[in-house]
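# Close look at the chain arrangement
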Amino acid sequence: MAEVKLAADVRTEFGKGAARRVRREDKVPGVIYGHGGDPKHVAIDSHALMMALKTPNVLLNLDVDGKSELVIPKAVQREAIRGFLVHVDFLAVKKGEKVTVEIPIHTEGDLAPGGNLLEHILNTLPVEAEATHIPESVTVSIAGLDAGHSVLAKDITLPAGSTLAVEDDAVVLQVVSAQAEAADESAEDAEGAEA
């Protein structure tokens with residue numbers, strides 16, 4: 001994973017009014033936590049940060065007062081209707097340090113024929129990986145799976161250097177049979193019995 005470099009200004013004012021002033025300047029207020037130090041309050045260009053956050057678990061190299069800070073986003077708050085960034089919490093990391101993150105799960109292949117449905121029990125997979133080598137996603141093959149089959153966390157092949165941060169027997173995906181048709185048929189049977 002490539003790291004994205006962004007400039008960050010140190011914030012000295014806090015509170016709702018100060019955050020609004022930062023947003024009016026097309027910047028996003030944020031806080032950098034981690035390594036037992038005091039939190040650092042920063043403001044980052046809104047558009048640049050939004051583009052960087054399109055990659056899940058992106059590694060950011062923030063230039064804060066001439067000092068480089070490696071961080072990953074931990075909590076991103078967005079405005080409910082328009083979706084613009086409101087606030088971001090960052091976790092400070094170091095090269096070689098292990099972090100726990102949630103990576104997206106992608107599926108490939110087709111289920112067995114017969115009206116089967118794929119149910120995502122987990123949309124993301126919690127893994128522990130080196131901060132500078134966080135995988136972008138994992139791909140799971142569902143080819144030929146029939147109703148009743150499940151994919152467990154231990155069945156997923158993880159990228160090198162990653163370990164599961166969830167129990168091995170946690171269900172990630174399961175295949176279920178379609179229930180809607182059976183409900184329609186029983187309704188028709190009930191109508192026929194009344195007539």
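What counts as what
Residues numbered from 1 in each chain as written. Predicted model: local features only at pLDDT ≥ 70, side-chain atom pairs only at ≥ 80, totals over all residues. Heavy atoms only, no water. Helix = DSSP H or I, 4+ residues; strand = E, 2+ residues; numbered from the N terminus. Rg over C-alpha atoms; globule rule 2.2 N^0.38 Å. Contact = heavy atoms within 4.5 Å. Areas by Shrake-Rupley, 256 points an atom, 1.4 Å probe, with all protein chains shown as cover. Lys, Arg positive; Asp, Glu negative; His and termini not counted. Charge placed at Lys NZ, Arg CZ, Asp CG, Glu CD. Buried < 20%, exposed > 50% of the residue type's maximum accessible area, 1.4 Å probe, protein only. Pairing = 2+ DSSP bridges. Salt bridge = Lys/Arg side-chain N within 4 Å of Asp/Glu carboxyl O.

## Points about the overall build of the protein
- Regarding its fold elements, the protein presents three helices and 13 strands.
- For 195 residues, the compact-globule estimate of 2.2 N^0.38 gives 16 Å, and the C-alpha radius of gyration of the protein, at 23 Å, exceeds that figure by more than 25%.
- If you line up the protein on its principal axes, its C-alpha atoms span 75 × 45 × 25 Å.
- Sequence-distant contacts in the protein: of pairs separated by 6 or more residues, those separated by 24 or more amount to 63%.
- For the protein, the exposed surface amounts to about 11,500 Å²; the carbon and sulfur share of it is 49%.
- With 18 positive and 32 negative side-chain charges, the protein shows a spacing of 18 Å between the two charge centroids.

## Some remarks on the pairing of strand β10 (residues 138-141)
- Of the two faces of β10, the one lined by Val138 and Val140 is fully buried and the one lined by Thr139 and Ser141 carries no buried residue.
- As defined by bridge partners, strand β7 (residues 98-108) adjoins β10 across four bridges and the pair is classed as parallel. By the bridge assignment for β10, Thr107 is matched with Val140.

## Some points on the pattern of salt bridges
- For the structure on display, the rule yields four salt bridges.
- Lys40 is paired through a salt bridge with Glu69; the nearest N and O atoms lie 2.1 Å apart. Of the two residues, Lys40 sits in strand β3 (residues 40-45) while Glu69 sits in strand β5 (residues 67-78), which places them 29 residues apart along the sequence.

Structural measurements only, silent on function.
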